[in-house]
Amino acid sequence: MKFAVSPEQRQFSESLHDLLNGADTADVVRSWAEGRHEPGLKLWRGLADLGVPALLVSEADGGLEASCVDIVVAFEALGYHAVPGPIVETAVVAPTVVSGERAGRLAGGEILATVLTPLALDADVAYLCLALRDGQVYEVQDPKLKPVSSIDPARRLFRVDGHQVEIPGDGAKAFDLGVLAVAAQLLGAGQWLLDAATAYATQRQQYGKPIGQYQAIKHLLADVVTHLELARPLVHGAAVAAQDDSASLSRDVSAAKVKAGDAAYLAARTALQVHGAIGYTAEHDLGLRLAKVRALLGAWGTATFHRERVLESLVGAR
Amino acid sequence: MDLDIDAESAAFRDEVRDWLAANVPSLPSMDTAEGFAAHREWEATLAAQRLSVVTWPRAYHGREASLLQWVLFEQEYYAAGAPGRVSQNGIFMLAPTLFAHGTQEQRDRILPPMATGEQVWAQAWSEPEAGSDIAALRSRAVRTDGGWLLSGQKTWSSRAAFADRAFGLFRTDPSQQRHRGLTYFMIDLRADGVTIRPIPQLDGEPGFAEIFLDEVFVPDADVIGEPGQGWRVAMTTANNERGLSLRSPGRFLAAAHRLVDLWRERGGPASVGERVADAWIGARAYQLYTFGTVSRIEDGGELGPESSVNKLFWSQLDVALHETALDLLGPDGETDESWVDGYLFSLAGPIYGGTDQIQRNTIAERLLGLPREARR
């Protein structure tokens, strides 16, 4: 057993962070929220150059046929930098069920996909619109879109009408991998929030001392560390389950989403509280993650839905 | 990254499972005279199978098992409902200290009878004026021919009511303050000058005791490390207690599975069902976190301040898990002895081995690098 990220995966993560650190992602997110897609699409092409949407595409279709652990490594980084767009749908769900020419174009970062969950993220820029139901996969033809606003302005959601045609594919697995990627995204967002709050607590002075010297602040942040550190192995463990095609995949991704969601939300609330009023402003980047975390708690199955899946699996197992 | 159990480890796990299934006894509480003796006997039974200290050298009744195998052993041990370990202070706290700082002579003399339960150890850290602030301790040791004379008072000493020996820190250089001038001693609790006063815990049994020392002679051979270096020596023990060995994931997984069984039998409101799920998720998270720690250590990493993350997590998980069981039991929650015992025991978790508040300070200062508060 080696339950640790490999040196290659660490390197992959570092190259993603390098790209995203240099890309002014906060500006990209704000543009995306206003419907100006070009900076975001350019960023996605950059991520495609590093292989992100090719990870789950087969080698035959021009992909990397990489491990689900690589997906988790990538989505922690994407979540950390709040990368906007239908990234879970395009890089994880669609490659699980689509093959051939379209899979190749997904891998190359040329086209985007969306999935009805039941609202569809960024359906206006998606080439491919999918629905997952009862383990089946459907493609929505000529989707008619009606915009719906989200708590996270960078999540541009649409109600979708259109004829659904069943296509081959394992819809249950596609859903579970989507959940896994969202859990990793939450973990990354939570880590950014912790890092930002820690940096602020070190620098901000009140009563003549850095506020991070007070136990009231220390203990809040220590709880965030603990939640994130214990959520991460669940996310990584679920990635291993996905890689092994384990029978416990649904249970494991659900556990990961519950814990990563709890940890990220605690990180978001704590980071806002530590920052105080400055964190409540639109100019501060904290709000980008706060809104995204809150939105992702409800997307791809609520915590209640996922806890029920875990409990059902446990009750049935013994 | 993988979670594969190699063939040798799987065979070991299966051997442990089969042996426990055929041999696990039901014993009275270890905090009674009768139960203590029975638990001591159980340690000898385990040792005869080389199952009391699986990671230790064969010369000390171990079988040189890997850390992963130890985690698997613990999983099987608690899943089988096997007795609590009366030897845990010794095998999980003192032994790692001896392996790191003891002499060959000390290891050869102390470890074999520890492994068989022939000598059961109590810990003697806290004092009336030194709880979380352990460096404030006042008990002292004065030089004499061939050793030291120890005087003072220790308290909340787990197992001391019935144990044979104890380990702890004493001030050997009165001119030094705080962490300096302390020395790590092993003490014979039957020696002249030792008085034990058992203290009943919440469950009514004397799980800990006060130890009064009046010029108790301890030979030089029972000092671990150099005189004056006691703090540094003791810190090895602290990380072990918090970090890996004291409360392995096996015990929480076993408790979570018992909670799932209870849910299956009785059902209950969906809100409690969610807490049952959370308890299992927490235990599974801790198991996977531990596999990560094992991989890190086997790769040459150290058990550093991350051990505080560990301890903070499981201490809270244990309380939440047992609260959920009692809530699920409803009016039967106050009368179900097994869950009540588990619940009362869980309440001590956020206190011993460094309180949750101390762990949070450590995490904030040593992992996040936040500035230290001004302390004395």
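Reading guide: rules and limits
- Residues numbered from 1 in each chain as written.
- Chains lettered and ligands numbered in written order.
- Predicted model: local features only at pLDDT ≥ 70, side-chain atom pairs only at ≥ 80, totals over all residues.
- Helix = DSSP H or I, 4+ residues; strand = E, 2+ residues; numbered from the N terminus.
- Rg over C-alpha atoms; globule rule 2.2 N^0.38 Å.
- Buried ≥ 20, exposed ≤ 12 C-beta atoms within 10 Å, placed from the backbone.
- Contact = placed C-beta atoms within 7 Å.
- Nonpolar A, V, L, I, M, F, W, Y, C, P; charged D, E, K, R; others polar.
- Core = buried A, V, L, I, M, F, W, Y, C linked by C-beta atoms within 7 Å.
- Domains from an automatic or database assignment.
- Pairing = 2+ DSSP bridges.
- Axes fitted to C-alpha atoms, helices over the stretch in contact; angles between N-to-C directions.
- Parallel < 35°, antiparallel > 145°, perpendicular 65-115°, else oblique.
- Expected span 1.5 Å × (residues − 1).
- Arc of directions from axis to C-beta.
- pLDDT = per-residue confidence, 0-100.
- Left-handed = near helix turned anticlockwise from the far one by under 90°.

Visitor: Outline the overall build of chain A, supporting the account with residue identities and numerical values.
Guide: Across its full length, chain A carries 11 helices and seven strands. Taking 20 Å as the expected radius of gyration for a compact globule of 318 residues, we find that chain A reaches 19 Å, a close match to that expectation. Its C-alpha atoms give chain A principal-axis dimensions of about 65 × 50 × 35 Å. Burial analysis of chain A (318 residues in total) assigns 58% to the buried set. Within chain A, contacts between residues separated by at least 24 positions form 71% of all contacts whose residues are at least 6 apart in sequence.

Visitor: Quick one: what's the story with the overall build of chain B, residue by residue and with numbers?
Guide: If you tally the helices and strands in chain B, you get 11 helices and eight strands. Computed over the C-alpha atoms, the radius of gyration of chain B is 21 Å, within 12% of the 21 Å expected from 2.2 N^0.38 for a compact globule of 376 residues. The principal-axis extent of the C-alpha atoms belonging to chain B is close to 65 × 45 × 45 Å. A separation threshold of at least 6 residues defines the contact pool for chain B, and within that pool the share at least 24 residues apart is 71%.

Visitor: Could you give me a rundown of the interface of chain A and chain B, with the residues and numbers involved?
Guide: With 38 residues of chain A at the contact, the number on the chain B side is 39 residues. Where the side of chain A that touches chain B is concerned, the elements lending two or more residues are α7 (171–203), α8 (215–243), α9 (249–275) and α11 (303–317) of chain A. Broken down by element, the side of chain A that touches chain B gets its largest block of residues, 15 residues, from α8(A). Grouping the amino acids of the side of chain A that touches chain B by side-chain chemistry returns 21 nonpolar, 11 polar and six charged.

Visitor: Talk me through the nonpolar core; I want residue IDs and the actual numbers.
Guide: Residues and elements named next belong to chain A. Among the nonpolar cores identified, the biggest contains 224 residues, and L130, L180, A183, L221 and V235 are the most heavily contacted of them. No other element matches the 18 residues that α7 contributes to this core. Excluding its chain neighbours within four sequence positions, the residues that come into contact with A183 are V235, V253, A256, K257 and A260.

Visitor: Could you give an account of the domain arrangement of chain B, with specific residues and numbers?
Guide: Quoted interface sizes are often the accessible area lost when the parts come together. All names here are of chain B. In terms of domains, chain B is made up of domain 1 (7–86), domain 2 (121–228) and domain 3 (247–367). Here the C-alpha centre of domain 3 lies 21 Å away from the C-alpha centre of domain 1. Each partner contributes to the interface: domain 1 provides eight residues, whereas domain 3 provides 10 residues. Residue composition of the side of domain 1 that touches domain 3, grouped by class: six nonpolar, one polar and one charged.

Visitor: Account for the pairing of strand β7 (residues 208–219) of chain B, naming residues and giving values.
Guide: Residue and element names in this part refer to chain B. Bridging between strand β3 (residues 147–158) and β7 involves nine bridges; their strand directions are antiparallel. Among the inter-strand pairings, L149 is bridged to a residue of β7, identified as F217. Pairing analysis gives six bridges linking strand β6 (residues 194–199) to β7, with the strands arranged antiparallel. Residue pairing for β7: I196 is matched across the bridge by I211.

Visitor: I'd like a description of the packing of α8(A) against helix α8 (residues 270–298) of chain B, backed by residues and values.
Guide: In the contact formed by α8(A) and α8(B), the axes pass within 8 Å of each other and the chain directions differ by 85°. Taken together, α8(A) and α8(B) sit at an angle that is classed as roughly perpendicular. The residues of α8(B) that touch α8(A), namely those facing A:E229, A:L230, A:A231, A:P233, A:L234 and A:G237, are B:R284, B:A285, B:Y286, B:L288, B:Y289 and B:G292. Residues belonging to the contact of α8(A) with α8(B) are distributed by class as follows: eight nonpolar, two polar and two charged.

Visitor: I'd like a rundown of helix α1 (residues 7–21) of chain A, residues and numbers included.
Guide: Residue and element names in this part refer to chain A. For α1, built from 15 residues, the straight-helix expectation of 21 Å at 1.5 Å per residue is met to within 8% by its first-to-last C-alpha distance of 21 Å. Taken as a whole, α1 has its buried residues at F12, L16 and L20. The buried residues of α1 occupy an angular sector of 65° when the element is viewed end-on, so they sit on one face. Exposed and facing more than 90 degrees away from the buried side of α1 are P7, R10, Q11, E14, D18 and N21.

Visitor: If you had to explain the environment of B:P57 to someone new, which residues and values would you point to?
Guide: Residues and elements named next belong to chain B. Tracing the backbone shows P57 in the loop between α2 (33–48) and α3 (67–79). The class of P57 is partly exposed, set by 13 C-beta atoms lying within 10 Å. Spatially, the C-alpha atoms of P57 and R372 are 41 Å apart, while their sequence positions differ by 315 residues. Beyond its immediate chain neighbours, meaning those up to four positions away, P57 contacts G62 and E64.

Visitor: With reference to specific residues and values, describe the environment of A:A23.
Guide: All names here are of chain A. Structurally, A23 is set in the loop between α1 and α2 (25–33). Look at A23 and you get partly exposed, because 18 C-beta atoms sit within 10 Å. Separated by 251 residues in sequence, A23 and V274 place their C-alpha atoms 27 Å apart. Setting aside anything within four residues of it in sequence, one finds A23 in contact with V28, L43 and G46.

Visitor: Can you break down the environment of B:P112 residue by residue, with the values?
Guide: All names here are of chain B. Mapped onto the secondary structure, P112 falls in helix α5 (residues 104–115). Each C-alpha atom of the pair P112 and Y60 lies 4.9 Å from the other, and the pair is 52 residues apart in sequence. Filtering out sequence-adjacent residues up to four positions away, P112 remains in contact with Y60 and H61.

Visitor: Run through the confidence of the model for chain B, naming residues and quoting values.
Guide: Summary statistics for chain B give a mean pLDDT of 95 and a share of 98% for residues scoring 70 or more. Across the interface, the model reports ipTM at 0.97; the global pTM reads 0.96.

Visitor: Tell me about unusual backbone geometry, and please be specific about residues and values.
Guide: Residue A:P118 is bonded to the preceding A:T117 through a cis peptide linkage, with omega at -5°. Structurally, the position occupied by A:P118 is in the loop between β1 (113–116) and β2 (120–121). The backbone of A:E65 sits at a positive phi, close to 50°, despite the residue not being glycine. By secondary structure assignment, the location of A:E65 is in the loop between α3 (38–49) and α4 (68–80). For A:E65, a count of 13 C-beta atoms within 10 Å translates into the label partly exposed. Phi is positive for B:R178, close to 55°, though the residue is something other than glycine. In this fold, B:R178 is placed in the loop between β4 (165–171) and β5 (182–188).

Visitor: Give a detailed account of the packing of α9(A) against helix α10 (residues 286–298) of chain A, specifying residues and quantitative values.
Guide: All names here are of chain A. Following both chains from N to C, one finds α9 and α10 inclined at 150°, their axes separated by 10 Å at the closest point. Between α9 and α10, the crossing angle belongs to the class labelled roughly antiparallel. Crossing of α9 over α10 shows left-handed handedness. Along the contact surface, α9 presents G261, A264, Y265, A268, A271, L272 and H275, while α10 presents L286, R289, L290, V293 and L297. For the contact of α9 with α10, the per-class residue count stands at nine nonpolar, two polar and one charged.

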